Amino acid sequence: EPEVTQTPSHQVTQMGQEVILRCVPISNHLYFYWYRQILGQKVEFLVSFYNNEISEKSEIFDDQFSVERPDGSNFTLKIRSTKLEDSAMYFCASKLEGQTSGGTEAFFGQGTRLTVV
Amino acid sequence: GQNIDQPTEMTATEGAIVQINCTYQTSGFNGLFWYQQHAGEAPTFLSYNVLDGLEEKGRFSSFLSRSKGYSYLLLKELQMKDSASYLCAVCRDSNYQLIWGAGTKLIIKP
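Now for a look at the structure at hand. (Residues numbered from 1 in each chain as written. Chains lettered and ligands numbered in written order. Predicted model: local features only at pLDDT ≥ 70, side-chain atom pairs only at ≥ 80, totals over all residues. Heavy atoms only, no water.)

Residue and element names in this part refer to chain B. This model, assessed by the stated rule, comprises four salt bridges over all chains. A salt bridge links Arg 66 to Asp 52; the nearest nitrogen and oxygen atoms lie 3.0 Å apart. One end of the pair, Arg 66, is in the loop between β7 (60–65) and β8 (70–75); the other, Asp 52, is in the loop between β5 (44–49) and β6 (53–57), with 14 residues separating them in the sequence. Of the residues examined, Asp 52 reaches a relative accessible area of 43% and is grouped as partly exposed. (Salt bridge = Lys/Arg side-chain N within 4 Å of Asp/Glu carboxyl O. Helix = DSSP H or I, 4+ residues; strand = E, 2+ residues; numbered from the N terminus. Buried < 20%, exposed > 50% of the residue type's maximum accessible area, 1.4 Å probe, protein only.)

Structural data, given as structure tokens:
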């Protein structure tokens, strides 16, 4: 069964450093998403991406964050200068269609646990 | 504002039935999802409702009432592996910006 893969599974970084979280969405999917979940808290939407551009982003997704699809397979989330409060599990998701119809759902990767020290 | 409420924790017995409720107030509605999340893992899709009524899928069923801003997830014949958090999420628009509830931790006892 096709799946979304994320690397690394766990990343520890020092405050102020840049990190890049990598995702390989399901190959024929067209819509890509990043979510995050701070330990013990809700899952939060960060950004959606379609046709090589951001289609929507939340207020969490400030200038420190950026996304890229550098080639046909990878989808990356970059945090330029990490803060302690960026420590969270980051989930990538992909979806075949943008419209939520017929129960089409997003498939989530297993997440990258980011720890900022 | 956006608000999704679900109970924090529920306990049920193996083999029994449990209903997890979710109420929502959101600006825009394009469907409600239920996801299961085991500790430290990614959410996995359980069900999707966009029209009023009951959707049944094996041991799991989900119900939606749009006029009441209410949904529930019904789990039958509970198994120990059903111990997990159950997340209610509302999709506000076609961009799949899901608004998530805090999740209901379901504890199954033998």
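This next bit is on the sheet that holds β7(B). Residue and element names in this part refer to chain B. The five strands are arranged β1-β3-β8-β7-β6 in an open sheet whose pairing can be described as antiparallel. On the outer flanks of this sheet lie β1 (3–5) and β6, each paired with one strand and no other. Across the sheet, the mean angle separating the axes of adjacent strands is 15° when strand polarity is ignored. Bridge analysis of β7 against β8 gives six bridges, and the strand direction is antiparallel. Considered in β8, the bridge of Phe 60 is made with Leu 75. (Pairing = 2+ DSSP bridges. Axes fitted to C-alpha atoms, helices over the stretch in contact; angles between N-to-C directions.)

All names here are of chain B. Position of Thr 26 relative to the elements: it lies in the loop between β3 (18–25) and β4 (32–37). At a separation of 2.8 Å, a polar atom in the side chain of Thr 26 contacts the main-chain carbonyl oxygen of Gly 28. With near-sequence residues (within four places) excluded, Thr 26 lies in contact with Gln 2, Val 90 and Arg 92. (Polar contact = N/O pair within 3.5 Å; in protein donor to acceptor, adjacent residues only side chain to side chain. Contact = heavy atoms within 4.5 Å.)

Counting across every chain of the model gives two disulfides over all chains. Two residues, Cys23(A) and Cys92(A), share a disulfide whose sulfurs are 1.9 Å apart. As the torsion about the S-S bond is roughly -65°, the Cys23(A)-Cys92(A) disulfide counts as left-handed. With Cys23(A) in strand β3 (residues 19–24) and Cys92(A) in strand β9 (residues 88–95), the pair connects residues that are 69 residues apart, well separated along the chain. Cys92(A) shares its class with Cys23(A); the two are buried. Sulfur-sulfur distance for the disulfide between Cys22(B) and Cys88(B) comes to 2.0 Å. One quick way to see it: the torsion about the S-S bond of Cys22(B) and Cys88(B) is about -65°, and its sign makes the bridge left-handed. Of this pair, Cys22(B) sits in strand β3 while Cys88(B) sits in strand β9 (residues 84–91), and the two are 66 residues apart along the sequence. When its relative accessible area of 0% is taken as the criterion, Cys22(B) is described as buried. (Disulfide = S-S within 2.5 Å.)

Limitation: the analysis is restricted to geometry and does not speak to function.
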